[in-house]
Amino acid sequence: MSSKFPDHFLWGGAVAANQVEGAYQTDGKGLSTSDLQPQGIFGAITPRVDGDSGIKDVAIDFYHRYPQDIALFAEMGFKCLRISIAWTRIFPQGDEEAPNEAGLAFYDRLFDEMARYGIQPLVTLSHYEMPYGLVKQYGGWGNRKTIGFFEHYARTVFERYKHKVQHWLTFNEINMSLHAPFTGVGLAEDSSKSEIYQAIHHQLVASARAVKACHEIVPGGKIGNMLLGGILYPLSCKPEDVLETQRQNRDWLFFGDVQARGGYPAYMRRYFRENGIQVEITAEDQQALRETIDFISFSYYMSGCVTTDEAQNNTARTNILNMVPNPHLASSEWGWQIDPVGLRYLLNVLYDRYQKPLFIVENGLGAKDRVEADGSINDDYRINYLNDHLVQVAEAIDDGVEVMGYTSWGPIDLVSASKAEMSKRYGFIYVDRDDAGNGSLERRRKKSFYWYRDVIQSNGNSLKNKA
Ligand code: BG6
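Heads up: these notes are all about the structure in this document. Only a predicted model underlies this, so the values are computations on that prediction, with no experimental measurement involved.

### Quick word on the overall build of the chain
- Broken down by element type, the chain carries 15 helices and 12 strands.
- For a compact globule of 467 residues, the expected C-alpha radius of gyration is about 23 Å, and the chain comes in at 21 Å, within 12% of that figure.
- When the backbone C-alpha atoms are referred to their principal axes, the chain occupies close to 60 × 55 × 45 Å.
- With 467 residues in all, the chain has 59% of them scored as buried.

What follows is the structure, encoded as structure tokens:
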């Protein structure tokens, strides 16, 4: 097919600090909420005691091996790499006045290494972790004071990296707090809806303040939000199912509405009232929220369905996002339904709604890989998944949607977020490490490595439209 991707399309990959860096106590880093969840973002919260260890403590040792990994990304022709800064490397407890210089220096080295190859950073300020000190001392995002601590952190890194980083994101999958409150906002899992929405409100205000700070500090800088793009379809055309689908899509679109439009959407008033949800929103907060993002970023792995039929809903309760399975789609080994057309649909939905540039900052297939006797890894299933999704991105671009770039999730194998597994692999680059933490950490190119290199080199021309 002929390329529909714009000339300066940002092709690349995305990782998160707590899933790749390891070195969880090195150079003055403090404990983050992620360090207390060795079983993943839905797992138990485990106080760390000496001798404890978790797979994320070393992860894939990106903290020490990044020069080799960046060289491999460069070999694939990456234009962009999405990383996150571990807030606890910069402010170990979260409430310090002065930042930790060793932590700041690490990201300087990382950005300099990327710059050597012309790879642009896309930086998430908070990807599924915050200083545990803020949870212990202040109650996490439940406390208004956390807004100020976050703003101080954001301003510190904007000042430090303003000549190295142009593209920023505030909170990873900000809508996930509804499903994983400890991970998202540092609250106990059994918190009330009012407590969760209050914490979310504080986070939304903090996000807007970071947007303002970025605009003030970073010359020409652009900053976006980050949504889990969990698009839902009605399971049937029954009007009640369609209406319920709209309601459930608004559960996550709400976050984009506040961040892109600068205030609470009208439908939330009724939702709060009917569910007895009390949220303190001051006039000053409303003013702060008016500072809107420059672009929308999102992750996309799967779609799901909605029904008002109770019996069918019960099948969905086992799934964290309460998505009812779509009878027309196949699933990954982890039960995530594969829907490339859904990505085109989602891109159009978001562009119609916000008319802002879109950035796909996560997409990919978590799968078990097999290393053959000759050392090769023939991950055709991953190539197929990515090819089919990118074909739909091209279609959306042809529909008129402005897409800035595409960073596939986990271009190098990393620790999975939901269950902290190594065996759920997304990479073009294989990392020799198993779920128990055994392995040499050696890196190895998979078949998809060469495939993605060709996609980037041809600016999408090598993709195969199988329709
Ligand atoms: C997104 C997160 O939810 O999905 C990533 O932003 C995560 O951190 C990714 O890794 C895939 O999920 P998992 O559980 O397969 O790692």
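### Description of the packing of aromatic side chains
- Under the defined criterion, the tally for this structure stands at 34 aromatic pairs.
- Ring geometry for Tyr197 against Tyr271: centres 6.0 Å apart, planes inclined by 70 degrees, an arrangement best described as edge-to-face. Of this pair, Tyr197 sits in helix H8 (residues 193–217) while Tyr271 sits in helix H10 (residues 266–274), and the two are 74 residues apart along the sequence. Tyr271 carries the same exposure label as Tyr197, and that label is buried.
- Sitting over the ring of Trp336, Lys424 keeps its end group 3.6 Å from the ring centre.
- Here Arg445 stacks its cationic end above the ring of Phe449, 5.5 Å away from the centre of that ring.

### Thoughts on the site of the ligand
- In the vicinity of the ligand lie 14 residues, with Glu173, Ala417, Ser418, Lys424 and Tyr426 positioned nearest.
- At 2.7 Å from an oxygen atom of the ligand is found a side-chain nitrogen or oxygen belonging to Gln19.
- In this structure, an oxygen atom belonging to the ligand sits 2.7 Å away from a side-chain N or O atom of Glu362.
- In the complex, the protein chains occlude 96% of the 370 Å² of accessible area that the ligand would expose alone.
- Considered class by class, the residues forming the shell around the ligand number 6 nonpolar, 5 polar and 3 charged.

### Focus on the pattern of salt bridges
- Applying the stated criterion across every chain yields a total of 37 salt bridges.
- With its nearest N and O atoms 2.6 Å apart, the salt bridge here joins Arg270 to Glu274. With Arg270 and Glu274 both in helix H10, this residue pair falls 4 residues apart, about one helical turn.
- Put simply, Asp454 and Arg453 hold a salt bridge, and the shortest N to O gap is 3.7 Å.
- Under the relative-accessibility criterion, Asp454 is labelled partly exposed at 33%.
- Residue class for Arg453 comes out partly exposed when judged on its relative accessible area of 28%.

### Re the pairing of strand E2 (residues 80–84)
- For E2, a buried count of 5 out of 5 residues is recorded, marking the element as mostly surrounded by other parts of the structure.
- Neither face of E2 is exposed, since Cys80, Arg82 and Ser84 on one face and Leu81 and Ile83 on the opposite face are all buried.
- Relative to E2, strand E1 (residues 10–14) runs parallel, the two being bridged by 3 bridges. If you follow Gly12 over to E2, its bridge partner there is Cys80.
- Both E2 and strand E3 (residues 120–126) contribute to a ladder of 5 bridges, which runs parallel. Opposite Cys80, over in E3, you have Gln120 as the bridge partner.

### What about the state of the cysteines?
- All told, the structure shown has 0 disulfides when counted by the stated rule.
- With no disulfide of its own, Cys214 has Cys80 as its nearest cysteine by sulfur position, at a separation of 15 Å.
- Cysteine Cys305 is unpaired, with the sulfur of Cys237 as its nearest cysteine sulfur at 13 Å.
- For Cys305, a relative accessible area of 3% puts it in the buried group.

### A word on H10
- Those residues of H10 lying buried are Tyr267, Met268, Tyr271 and Phe272. What you see down the axis of H10 is that its buried residues fit within an arc of 135 degrees, all on one side. Residues Ala266, Arg269, Arg270, Arg273 and Glu274 are exposed on H10 and point more than 90 degrees away from its buried face.
- Those residues of H10 that are buried are in contact with H8, helix H9 (239–261) and helix H13 (340–354).
- At the exit of H10 stands Gly276, carrying a positive phi of roughly 60 degrees.

Rules used in this analysis
Residue indices begin from 1 for each chain and proceed along its sequence in written order. In keeping with the predicted nature of the model, local features appear solely for residues at pLDDT of at least 70, side-chain atom pairs appear and are counted solely at 80 or more, and the whole-chain, interface and lining totals rest on all residues. Only hydrogens and water are removed before side-chain values are computed, so all heavy atoms of the structure are retained for them. Under the DSSP-based scheme used, a helix requires at least four consecutive residues in state H or I and a strand at least two consecutive residues in state E, with every element numbered from the N terminus. In this treatment the radius of gyration is a C-alpha quantity, and the globule benchmark scales as 2.2 Å times the residue count to the 0.38 power. Relative accessible area decides the class of each residue, using a 1.4 Å probe on protein chains only: under 20% of the type maximum gives buried, over 50% gives exposed, and in between gives partly exposed. Only Phe, Tyr and Trp rings take part, Trp by its six-membered ring, and two of them pair if their centres are within 6.5 Å. Stacked means planes under 30 degrees apart, edge-to-face means over 60, and tilted covers everything else. Consider the ring centre and the ring normal. A charge sits over the ring if Lys NZ or Arg CZ is within 6 Å of that centre and within 35 degrees of that normal. Near, as used in this document, describes a residue that has one of its heavy atoms within 4 Å of the molecule or strand being considered. Pairs of N or O atoms are called polar contacts if they sit within 3.5 Å, as long as, within protein, a hydrogen donor faces a hydrogen acceptor (for residues adjacent in sequence, only side-chain-to-side-chain pairs). Using a 1.4 Å probe, accessible areas were evaluated by the Shrake-Rupley method; residue-level cover was limited to the displayed protein chains. When residues are sorted by character, Ala, Val, Leu, Ile, Met, Phe, Trp, Tyr, Cys and Pro go into the nonpolar class, Asp, Glu, Lys and Arg into the charged class, and all the rest, Gly among them, into the polar class. Just to be clear on terms, a salt bridge is a Lys or Arg side-chain nitrogen sitting within 4 Å of an Asp or Glu carboxyl oxygen. One bridge is not enough; two strands pair if DSSP finds at least two bridges between them. Throughout, a disulfide means two cysteine sulfur atoms within 2.5 Å of one another. Read the arc as the range of directions from the helix axis to the C-beta atoms. A contact between two residues is defined here by any heavy atoms of the two lying within 4.5 Å.

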